[in-house]
Amino acid sequence: MAKEKNKNKIKKSKKRKFFGLDKNGNPPEFPYVLATSSTIHNRGLFAAKDIPKDAYIIQYLGQKISKTNSAQIGLNQFESSQFTNEGSVYIFDLDDKHDLDGNFDWNIARLANHSCNPNCEAQDIEGEIWFVALSKIAEGDELTFDYGYALEHWKDHPCQCRSKNCIGFIVRSEDRKQLKKIMKVSA
Ligand SMILES: C[S@@+](CC[C@H](N)C(=O)[O-])C[C@H]1O[C@@H](n2cnc3c(N)ncnc32)[C@H](O)[C@@H]1O
Ligand SMILES: [Zn+2]
């Protein structure tokens, strides 16, 4: 009986641990990356050393939340960002029902900016989100991925990535041709 109680206690305390920290409360280390100021927006993620193509660079850490809760959490993050220079919302789209709330200091993957010509891709590896190198990346280069935003709210997301193929707004690559047409018509 006493043993059973003990087991339950251990299970509960495991659940209370913050996502991504080890049993001593330390965040995982990702030797390929460092965070510093970016010409795209505020802070960004950069290559701390040369990175080979296909390398698993960093995991996007976060608490798994339902889409229903995500909307309110995102709104709260957006509102508090109005008083700081931080990027507004640190929520990653996980699947049809869930998102990751990555608004933690030790989740430095949250600082990755969007580029219309990205050098990384976000991949779902058995439920974990990893940024994977699309090509060889040189030390010092900013690490970017395609945010994949839908066309619908394009005007809300101006893009400063300065890539040759950038059309000035953050939308997923499949929708860029369509947006070019829309912009031509409304010019
Ligand atoms: C998840 S944050 C990225 C980290 C952010 N740079 C920071 O310092 O917190 C996302 C926000 O960064 C900004 N951002 C990211 N990529 C951008 C881009 N290509 N052009 C303009 N702003 C960008 C937008 O404000 C976006 O809402
Ligand atoms: Zn761009």
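Residues numbered from 1 in each chain as written. Chains lettered and ligands numbered in written order. Predicted model: local features only at pLDDT ≥ 70, side-chain atom pairs only at ≥ 80, totals over all residues.

Trainee: Outline the overall build of the chain, listing residues and values.
Mentor: In terms of helices and strands, the chain carries three helices and ten strands. For the chain, the proportion of contacts with a sequence separation of at least 24, taken over those separated by at least 6, is 62%. (Helix = DSSP H or I, 4+ residues; strand = E, 2+ residues; numbered from the N terminus. Contact = placed C-beta atoms within 7 Å.)

Trainee: Describe the sheet that holds strand E9 (residues 128-133), with residues and values.
Mentor: Strands sit in the order E3-E9-E8 across an open sheet of three strands; the sheet is antiparallel. Looking at strand neighbours, the two that pair on one side only are strand E3 (56-60) and strand E8 (120-125), the edges of this open sheet. Averaged over all pairs of adjacent strands, the angle between their axes in this sheet comes to 30°, without regard to strand direction. Sheet topology note: the E8/E9 ladder contains six bridges and is antiparallel. Of the residues in E9, the one forming a bridge with Ile125 is Glu128. (Pairing = 2+ DSSP bridges. Axes fitted to C-alpha atoms, helices over the stretch in contact; angles between N-to-C directions.)

Trainee: Outline the sheet that holds strand E4 (residues 63-66), supporting the account with residue identities and numerical values.
Mentor: The sheet built from three strands is open, its strands ordered E4-E6-E5 with antiparallel pairing. Each having just a single partner strand, E4 and strand E5 (91-93) make up the two edges of the open sheet. Ignoring which end each strand starts from, the neighbouring axes of this sheet average 35° apart. Pairing between E5 and strand E6 (residues 98-101): three bridges, direction antiparallel. When the bridges of E6 are listed, Phe92 appears paired with Leu100. Along the sheet, helix H2 (residues 67-81) makes contact with E4, E5 and E6, crossing E4 at roughly 105°.

Trainee: Tell me about unusual backbone geometry, residues and numbers included.
Mentor: Here the phi dihedral of Asn42 falls at roughly 40°; this positive angle occurs in a residue that is not glycine. Summarising the element assignment, Asn42 is placed in the loop between strand E1 (33-37) and strand E2 (43-47). A positive phi angle is found at Glu126, which is not glycine, with a value near 50°. What makes Glu126 exposed here is the crowd of 5 C-beta atoms within 10 Å. (Buried ≥ 20, exposed ≤ 12 C-beta atoms within 10 Å, placed from the backbone.)

Trainee: Lay out the confidence of the model for the chain with the relevant residues and their values.
Mentor: Of all residues in the chain, 89% attain a pLDDT of 70 or more, and the chain-wide mean is 88. Looking across the chain, the model is least confident in helix H1 (residues 2-16), with a mean pLDDT of 46, and most confident in strand E10 (residues 142-145), with 98. Contacts for the low-pLDDT stretch residues 1-14, under 50 throughout, to residues beyond four places or in other chains number zero contacts. (pLDDT = per-residue confidence, 0-100.)

Trainee: Just give me the short version of the nonpolar core, but keep the residues and values in it.
Mentor: If you look at the biggest cluster of nonpolar residues, it comprises 22 residues, and the most contacted ones within it are Val33, Leu45, Ile57, Ala109, Ala112, Phe131 and Leu143. Taken together, the elements giving at least two residues each to this core come down to E2, E3, E5 and E10. Apart from the residues lying within four places of it in its own chain, the contact partners of Ala109 are Leu45, Ile58, Gln59, Tyr60, Leu61, Gly102 and Phe131. Membership of the second largest hydrophobic core comes to seven residues, among which are Cys116, Cys161, Phe169 and Val171. (Core = buried A, V, L, I, M, F, W, Y, C linked by C-beta atoms within 7 Å.)

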